[in-house]
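# Observations on the model geometry
As a plain string of letters, each chain reads:
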Amino acid sequence: MGVNAGKDILALRQAIEDHNYRYYVLDAPSITDAEYDQLYQALKKLEAAHPELITPDSPTQRVGGAALKLFGEVKHGFPMLSLDNAFTEEDLEDFDQRVRDRLHARHVIEYTCEPKLDGLAVNLHYEHGRLVQAATRGDGLTGEDVTENIRTIAMVPLQLRGTHFPAILDVRGEVFMSKKGFAQLNQTAEQKGDKTFANPRNAAAGSLRQLDSKITATRPLEIYCYGLGLVEGFSGPDTHMAWLNQLKEWGLRVNPFIEIAEGPKACLAYYERMSKARDKLPYEIDGVVYKVNSLSLQDKLGFVSKAPRWAIAHKFPAEEVYTVIEAVEFQVGRTGAITPVARLKPVYVHGVTVSNATLHNMDEVKRKDIHVGDTVIVRRAGDVIPEVVGVIAERRPRDAKKIHLPKHCPVCQSDIELIPGEAIARCTGGLVCSAQQKEAIKHFSSRRAMDIEGLGDKLSDQLVEAGLLASVADIYTLNKHELMSLPRMGEKSAQNLLDEIDKSRHTTLPRFLYALGIREVGEATAKALATHFKTLEALQAATFETLQHVQDVGPVVAEHVVHFFHEAHNRAVIAKLLKAKVHWDAMPETGKQPLLGQTFVLTGTLTTLTRDEAKAKLEALGAKVAGSVSAKTHCVVAGAEAGSKLAKAEALGVKVMDEEAFLTLLKNS
Ligand code: IVH
């Protein structure tokens, strides 16, 4: 038994390592996650029965060990260098020129082009193929011993694959966290009320520099290897690229986007391509790295102080910069929501100067522990609005001020209420609050609502401030004389605006409902309500219960709709709008809706139609299509290989239909 168990354990370990290699290094798994899990569980079970056979390099031993008091120091066998930066095309050409001058080269230089991952550099020290130690970069000469933490990263081989290894192999790589891993980690932290990380880099650093490796084991850390330190007892290939391939064969993970480029123009083309791909990559990169591919040329070039002459980092425009919060003001939105807004010392980030950033709500301010006077990280990626992602706690000045929610609306002085359990504070001023009036008018006239061209943000503000508009109903009683009393408003512009207003009288019911600005009723919900109830009168007469028969309308939306139509002032505004001849065509008749009020769940693979088609057909018949099975589900349509949803339906006694029955239902309805 003992002999067999030993053999089985070795075979399982080998199989697991092989699958790790296929999954992480080759990116070509040959089994499912569930099958992998089975292997892992089988190994765990065998080892539990034979604890004497457990060795430190078993895949089961990656769960972290005893917590440390302090990291030990590690002197690097060969210094861990950093890179010089290039920011422009010219910088890159200068770099290439310097390389060629030094080498007296008349030929084009061959470079590797690599993504520059934004994480932490580590050194993995292998002796005869076995991972012996791992260290952070530290000051480049001495780093911290993070062996226990690195061992928890499943994609770091504890034993290299193959048979011929250097006696000593120092591999350099970047430990990082994917965007998804980071988001999930923060979400969990938020749910637990723990502090969140500002960005994936900080999350990776915080996780790797954890004294308790059991915590590190729970963090989604990854690695890509990109270079070498000390290598002894092995005569390897003579180019950097060939070495990277050798590392891959040994089971080390290397980034798949590394390419060869001949000369600086080709490097630049790579840079352009990566900067376009940047947002779509699953991890953050802050630039690309070019390295002279030939190792003998690298040797000839050597180093200056702390950076090699044979490599350079070509940085992307920063997406994250530091600046200072100079003040926090509170803005009032259309529904009275009070939003704290940071006034920033202007900074240039990703192509624009940013001087304001929303702080969303007070919970967010508290969670990020933001004070006035703080130095903060401001992020602007792609077209996303700038945001404050975190505070640099070490830079907080003594006179930093806590941020308090005001008791009164900064615009109308009405009380601000904070509903327990809701993150959002609101001004109770309602229609008397000019900030809310302005926002309501802007929303009403916006393109996707009543589409009144010319009645934009600035004019709405002016009209409210001049006392010409207090509610959206007043729009239709404006006259030319009043309009012309505004600064810089001539007769022609006034007439144009009146024409636009007149044109907007003819609209659609979905647009009208959306324009009213009922809380939580966006375009899609407005459309669903209009389609379902057909007329404004029917919607106004709907109850909390009947509203929830509408697709995607739950108790929260239903409550807001009921409340909205219940308020006398809202009814007065609607009456005034109708009196001003705002009107719409009747909603088209929909077909019979025999499945109205029923909830369906689709699972497994259908052979004759796609999920989306099946969903659309069900919705056309009035059914709701939900993503998960509950006791409220009316029917589960189970295609081939249906899994847990089918099991749950059976457990709950929910009706289950196969594809054939489903097609019959569609045909007969
Ligand atoms: S090579 C001697 N290659 O960037 C060469 N570094 O700014 C030293 N980094 O400390 C580094 N991706 O943490 C190299 N493909 C890559 C890299 C990379 C990210 C990081 C690394 C290094 C820093 C230098």
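The structure this text deals with has already been given above.
Here is a short report on the structure shown in this document. Keep in mind that this is a model prediction, so the values were computed, not measured.

### Regarding the overall build of the protein chain
Counting its regular elements, the protein chain contains 24 helices and 26 strands. Overall size of the protein chain, expressed as C-alpha extent along the three principal axes, is 90 × 65 × 50 Å. Across the protein chain, every contact between residues at least 6 apart in sequence was considered, and the portion connecting residues at least 24 apart equals 66%. Total accessible area on the protein chain is roughly 34,500 Å²; 52% of this is exposed by carbon and sulfur atoms. Taken together, the 81 basic and 87 acidic charged side chains of the protein chain have centroids lying 2 Å from each other.

### Some thoughts on a nonpolar patch on the surface
A surface patch of nonpolar side chains, amounting to about 230 Å² of accessible area, comprises Phe78, Leu81 and Phe303. Mapped onto the elements, Phe303 comes out in strand 11 (residues 303-304). The exposure class of Phe303 is partly exposed, given its relative accessible area of 35%.

### Describing the packing of helix 12 (residues 434-445) against helix 13 (residues 457-465)
Between helix 12 and helix 13, the shortest axis-to-axis distance is 9 Å and the interhelical angle comes to 140°. Accordingly, the angle class assigned to the pair helix 12 and helix 13 is oblique. Helix-helix and strand crossings are classified by hand; for helix 12 and helix 13 the assignment is right-handed. Here Ser434, Gln437, Lys438, Ile441 and Lys442 of helix 12 lie close against helix 13, whose contacting residues are Asp457, Ser460, Asp461, Val464 and Glu465.

### Description of the nonpolar core
Among the nonpolar cores identified, the biggest contains 52 residues, and Ile475, Tyr476, Leu529 and Leu577 are the most heavily contacted of them. Elements that contribute at least two residues to this core include exactly helix 12, helix 13, helix 15 (491-504), helix 16 (509-515), helix 17 (523-533), helix 18 (536-541), helix 20 (555-566) and helix 21 (568-579). Those residues in contact with Leu577, other than ones at most four positions away along the chain, are Phe444, Val472, Ala473, Tyr476, Phe512, Leu516 and Val582. Formed by 36 residues, the second largest nonpolar core is a distinct cluster that contains Leu131, Leu221, Leu247 and Trp250.

Parameters at a glance
Residues numbered from 1 in each chain as written. Predicted model: local features only at pLDDT ≥ 70, side-chain atom pairs only at ≥ 80, totals over all residues. Heavy atoms only, no water. Helix = DSSP H or I, 4+ residues; strand = E, 2+ residues; numbered from the N terminus. Contact = heavy atoms within 4.5 Å. Areas by Shrake-Rupley, 256 points an atom, 1.4 Å probe, with all protein chains shown as cover. Lys, Arg positive; Asp, Glu negative; His and termini not counted. Charge placed at Lys NZ, Arg CZ, Asp CG, Glu CD. Patch = residues over 30% accessible without salt bridge, like charges linked within 9 Å, V, L, I, M, F, W, Y side chains within 5 Å. Salt bridge = Lys/Arg side-chain N within 4 Å of Asp/Glu carboxyl O. Buried < 20%, exposed > 50% of the residue type's maximum accessible area, 1.4 Å probe, protein only. Axes fitted to C-alpha atoms, helices over the stretch in contact; angles between N-to-C directions. Parallel < 35°, antiparallel > 145°, perpendicular 65-115°, else oblique. Left-handed = near helix turned anticlockwise from the far one by under 90°. Core = buried A, V, L, I, M, F, W, Y, C linked by side-chain atoms within 4.5 Å.

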